[in-house]
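Examination of the molecular architecture
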Amino acid sequence: MSWPEAGSETRRPGVRSRLWHRAGNRARRLRLRTRIILAFVLATLLLSALLSVTVFALTRQNLLNGRENDALATVGFNASAVSRRLSPDIESEALQNLVSTLATPEGSRPVLRVGSDWFQPSFEFESGDIDERLRRTVESGKPARMRYRVRDKPFLVIGIPIPGRNASYYEATPLDEIEDTLGSLGLILAGAGGGVTLASAGVGFWASRRLLRPLVDIGEAAQSIAHGDLSTRLEAGAARELVALTDSFNEMVGALQDRIARDERFASEVSHELRSPLMTLSASVEVMNTRRAELPERARTALDLLTEDVNRFEHLVEDLLEISRFDVGTAELDLDVFNLLEFVENAVSATSPAEVPIICDPAASRMRVRADKRRLMQVLDNLLSNAQKYAGGATRIVLTHQARGVEIAVEDSGPGVAVDEREHIFDRFSRGRQAVERGTTTGVGLGLALVAEHVGLHQGRVWCEDRHDGQPGIRFVVQLPIAVT
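Residues numbered from 1 in each chain as written. Predicted model: local features only at pLDDT ≥ 70, side-chain atom pairs only at ≥ 80, totals over all residues. Heavy atoms only, no water.

The phi angle at Arg-151 is positive, at roughly 50 degrees, despite the residue not being glycine. Take Arg-151: it is sitting in the loop between strand S3 (144–150) and strand S4 (153–162). (Helix = DSSP H or I, 4+ residues; strand = E, 2+ residues; numbered from the N terminus.)

As structure tokens, then:
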């Protein structure tokens with residue numbers, strides 16, 4: 001144990017402020033539960049460190065003060081005894097015996113200076129071990145004391161001048177026992193502080209779990225609602241402070257559920273109501289087309305535009321009815337088992353105005369699948385129609401057998417789809433920026449949305465990507481986990 005001297009401490013506020021700034025940034029990136037646990041740990045660590053330092057400092061001061069007071073009393077008594085027996089004609093041998101017979105505490109080393117001669121009974125502490133500053137102070141006629149280390153051992157050295165005799169008496173009291181005691185105390189305090197800090201981490205984990213449980217429930221409920229489960233509700237729980245939040249959350253979800261249900265019913269009812277006048281309008285257009293030859297040129301042009309818009313309107317109403325069935329949850333699968341390759345060939349010949357090559361691996365050519373034929377037919381029809389409208393038609397269809405099921409890829413050689421639009425192109429009424437810029441706006445943006453709904457109903461997924469051969473165009477891939485042996 002060292003005895004530090006008083007001095008000034010060098011501070012670097014700039015470095016410290018930067019360190020705190022970095023630590024604050026890292027803390028903000030941590031999870032809330034981790035931050036709560038760290039707050040418990042840091043608070044306990046600071047308190048235990050403060051308490052340990054205080055206990056250690058007070059104990060050290062009390063032990064040193066007690067040892068110093070005892071040493072001062074002993075040194076004063078011995079210095080008086082030496083002063084009384086010190087005479088001008090005393091011999092060196094007598095002085096040596098005098099120093100050796102002084103009553104000193106166990107382990108203390110007396111040293112006597114008379115003139116230029118030094119007398120000490122032990123070589124563990126000699127005249128050369130006395131600090132020069134202490135010696136000069138005592139020889140100037142002032143008593144002094146100093147703590148320092150001699151040959152790696154701590155000592156309290158006290159010096160008292162003997163007036164009129166040109167002499168001074170020194171006594172070195174060892175402090176190794178106090179150093180050992182303080183070392184043991186430091187280990188005990190450090191162990192106790194570490195144990196309390198670990199205990200506080202456990203308490204912080206337990207407390208954070210209880211405190212954050214309502215927030216976790218709210219997060220899970222919000223995630224469930226975001227995935228479409230609007231029947232999710234929060235339980236009030238035992239915390240009265242969260243009753244208002246729970247009630248407000250449940251009221252908000254209920255209002256949202258009612259609003260979505262009203263919108264879904266409105267869209268469904270509007271679509272159904274539009275079917276009757278649409279059928280009448282379609283029949284009237286067909287009657288007018290039967291007498292097309294009798295109409296003048298301008299009337300035939302108007303009839304063609306009317307026929308095109310009625311057909312488009314009819315497709316829109318059918319798509320809206322199909323979408324409404326998904327929204328209200330009435331869409332169901334009518335599953336059949338059939339050969340995939342034969343189905344795709346028949347679907348292409350029935351829906352595509354041009355021949356489209358079909359590439360099929362051997363495993364897929366023999367594969368029978370279980371799926372809804374009508375919905376799978378609409379998926380292929382919408383993908384082929386989409387390629388015809390925006391890319392000049394599909395260039396090929398690729399069937400592959402995968403470990404997770406089957407993949408149907410429709411490729412074209414058009415301008416492709418921008419990377420930032422590939423996730424949103426399956427949203428409702430999304431037609432893509434490039435299609436709008438080219439003026440190809442005959443669609444309403446429900447075809448790919450219906451593809452995603454049909455595929456999702458089969459527990460599959462659909463996406464678009466670049467062609468694997470590096471050629472211009474886009475590749476729409478439908479993955480269905482429906483392969484059967």
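From this point, things continue past the structure.
Pairing in this open sheet of five strands is mixed, and the strands run S7-S9-S10-S12-S11 from one edge to the other. A strand with exactly one partner marks an edge of an open sheet, and here the two such strands are strand S7 (358–360) and strand S11 (461–465). Here the average twist between neighbouring strands, direction ignored, is 15 degrees. Bridge analysis of S11 against strand S12 (residues 475–480) gives five bridges, and the strand direction is antiparallel. Opposite Val-462, over in S12, you have Val-478 as the bridge partner. (Pairing = 2+ DSSP bridges. Axes fitted to C-alpha atoms, helices over the stretch in contact; angles between N-to-C directions.)

This paragraph deals with the nonpolar core. Counting 37 residues, the largest nonpolar core has Leu-340, Val-344, Leu-383, Ile-397, Leu-399, Phe-476 and Val-478 as the members making the most contacts within it. Counting residues per element, the ones that place at least two in this core are helix H8 (340–351), strand S8 (368–372), helix H10 (373–391), strand S9 (394–402), strand S10 (405–412), helix H12 (447–457), S11 and S12. Setting aside its immediate chain neighbours within four residues, Val-344 contacts Ile-358, Leu-380, Ile-397 and Leu-399. (Core = buried A, V, L, I, M, F, W, Y, C linked by side-chain atoms within 4.5 Å. Buried < 20%, exposed > 50% of the residue type's maximum accessible area, 1.4 Å probe, protein only. Contact = heavy atoms within 4.5 Å.)

Pairing between sheet strands relies on hydrogen bonds along the backbone, with the strands arranged either parallel or antiparallel. Sheet architecture is open: five strands sit in the order S2-S1-S5-S4-S3, paired in antiparallel fashion. The open sheet has two free edges, formed respectively by strand S2 (117–119) and S3, since each of these has just one partner strand. Taken over all neighbouring pairs, the strand axes of this sheet differ in orientation by 20 degrees on average, direction set aside. One ladder, built from eight bridges, connects S4 with strand S5 (residues 167–174); its direction is antiparallel.

Taking 1.5 Å as the rise per residue, H8 with twelve residues should run 16 Å; its terminal C-alpha atoms sit 16 Å apart, in good agreement. Within the sequence span of H8, burial applies to Leu-340, Leu-341, Phe-343, Val-344, Ala-347 and Val-348. Burial along H8 is one-sided: seen end-on, the buried residues are contained in an arc of 160 degrees. Away from its buried face by more than 90 degrees, H8 exposes Glu-342, Ser-349 and Ala-350. Its side-chain oxygen 3.1 Å from the backbone nitrogen of Leu-341, Asn-339 forms the N-cap of H8. (Expected span 1.5 Å × (residues − 1). Arc of directions from axis to C-beta. Polar contact = N/O pair within 3.5 Å; in protein donor to acceptor, adjacent residues only side chain to side chain.)

Quick look at the pairing of S4 now. Counting buried residues in S4 gives eight out of ten residues, a clear majority hidden from the surface. Sheet topology places S3 next to S4; seven bridges connect them, and they run antiparallel. Bridged to Tyr-148 within S4 is Phe-155. In this antiparallel pair of consecutive strands, S4 and S5, the connection spans four residues, and Gly-164 shows a positive phi of 80 degrees.

Let us look at the packing of aromatic side chains. Overall, the coordinates contain four aromatic pairs when judged by the stated rule. Both rings, one in Phe-426 and one in Phe-476, keep their centres 6.1 Å apart while their planes meet at 85 degrees; by these two values the pair is edge-to-face. Here Phe-426, found in the loop between S10 and helix H11 (433–437), pairs with Phe-476, found in strand S12; they are 50 residues apart in sequence, far enough to count as distant. With relative accessibility at 5%, the residue Phe-476 sits in the buried group. Cation over ring: Arg-461 sits above Trp-463, and NZ or CZ is 4.1 Å from the ring centre. (Phe/Tyr/Trp six-rings, centres within 6.5 Å; stacked < 30°, edge-to-face > 60°. Lys NZ or Arg CZ within 6 Å of the ring centre and 35° of its normal.)

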